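Summary of structural features
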Amino acid sequence: MSGVEASRARERARNGWLLSAPALILLSFAASGPLLIVAVYSFLTPGDYGNVVWDFSLDGWFRVFLERDIFDGTISAADAHLTIFWRSLKLSLMTTAITFALGLPTAWFIATRPPSQRALWLFLITIPFWTNLLIRTFAIMEVIRNEGILNNLLIWMGVIEQPIQIVFTETAVLTGMAYVYLPLMVLPLFAAIDRFDFKLIEAGYDLYASRLAVLRRVILPIIRPGIVAGSILVFVPSLGAYVTPRVLGGGKNMMIGNFIELQFGQGRNWPLGSALSMLLLLIVMVALLVYVRATTREGQNG
């Protein structure tokens, strides 16, 4: 590269940074700023009526996993906190698995339709996004509540005599999150399947591979980027879900998002709430790093 071309390249790069400077400044203050405040609050002392006292303390992080007895000062594991963490992680993973099991055949069906029909099916998939999350949660609640559509249908068919208690259980939370986040799994899977070369399936059958072998050895490895992307898009919001567990789970099935809100509200322990928020952020960052590493490896392998 000659000196003139190098100078022009540097000028283009400088102009690009100047053009993106307003957006970068806005993101720094609107996104990084609040996160920095939460990070600082996690190392401060809780106030008596909320807020914080500007004295350095690790009590917020200490109480995330441990607790101290108020009588003898002994330290033990914070069983209630660990139960909430485990429930959140378990339900998020189960939601991801259910949406994948439902989303893969749905995306495959849409991708194998004639091109003139795919836009209509994708349009139908995106319709739930037009509605507020709270309204969608109440809609699924009308289906699974004791006097809802599901129980009335089972009673009418003679399958059960009394309504099944589903609302305010982990099953209700899992059902609601799977319903809410299913489109987030379908769309990335469709994008991956839409680029799939179906001649590879014919080649697999020509080599006497069974349908299960073709699915496991041909289809799933090729659409893996879509699987990883859909899993991240479902797992991350499921882990920090607030509305769906609050409405469908009640107070008995609290998740991390509800627990954080409780600390900033009735609990009046802002440092603990901030520490929980930062821990949730770290978990999400690990999930995103796994996604980036997987997609980078796919790019290197062609």
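Details of the structure are given in the entry above.
Residues numbered from 1 in each chain as written. Predicted model: local features only at pLDDT ≥ 70, side-chain atom pairs only at ≥ 80, totals over all residues. Heavy atoms only, no water.

Time to look at the overall build of the protein chain. Tallying secondary structure elements over the protein chain gives 13 helices and 4 strands in all. Against the globule reference of 19 Å for 302 residues, the protein chain gives a C-alpha radius of gyration of 25 Å, more extended than a compact globule. Its C-alpha atoms put the protein chain at 85 × 75 × 35 Å along the principal axes. When the 302 residues of the protein chain are sorted by exposure, 33% land in the buried category. Long-range contacts, defined as pairs at least 24 residues apart, comprise 63% of the intrachain contacts of the protein chain with a sequence gap of at least 6. Each charge class in the protein chain was averaged separately, 23 positive and 19 negative side chains, and the resulting centres sit 10 Å apart. (Helix = DSSP H or I, 4+ residues; strand = E, 2+ residues; numbered from the N terminus. Rg over C-alpha atoms; globule rule 2.2 N^0.38 Å. Buried < 20%, exposed > 50% of the residue type's maximum accessible area, 1.4 Å probe, protein only. Contact = heavy atoms within 4.5 Å. Lys, Arg positive; Asp, Glu negative; His and termini not counted. Charge placed at Lys NZ, Arg CZ, Asp CG, Glu CD.)

Attention now goes to the pattern of salt bridges. Per the stated rule, a full pass over the model turns up 5 salt bridges. Close ionic contact of E142 with R145 constitutes a salt bridge, the shortest N to O distance being 3.0 Å. Classification of E142 by relative accessible area gives partly exposed; the value is 42%. A salt bridge links E147 to R145, with the shortest nitrogen-to-oxygen separation between them at 3.2 Å. The class for E147 is exposed, based on a relative accessible area of 52%. Since its relative accessible area comes to 28%, R145 is described here as partly exposed. By sharing partners, the salt bridges in this structure join R87, K90 and E170 into a single network. (Salt bridge = Lys/Arg side-chain N within 4 Å of Asp/Glu carboxyl O.)

You will see that F168, though not glycine, has its phi angle at about 70°, which is positive. The residue F168 is located in the loop between α6 (149-157) and α7 (170-194) in this model. On the basis of relative accessibility, which here comes to 37%, the residue F168 falls in the partly exposed class.

Topologically, Q263 is positioned in helix α12 (residues 256-264). Ignoring anything within four residues of it in the chain, the contact list for Q263 reads R268, N269, W270, L272, G273 and L276.

A separate point is the packing of helix α8 (residues 199-206) against helix α9 (residues 211-222). Two elements in contact, α8 and α9, have axes separated by 10 Å at closest approach and are oriented at 145°. Both α8 and α9 take part in a crossing whose hand is right-handed. Of the residues in α9, those touching α8 at L200, I201, G204 and Y205 are R211, V214, V218, I219 and I222. (Axes fitted to C-alpha atoms, helices over the stretch in contact; angles between N-to-C directions. Left-handed = near helix turned anticlockwise from the far one by under 90°.)

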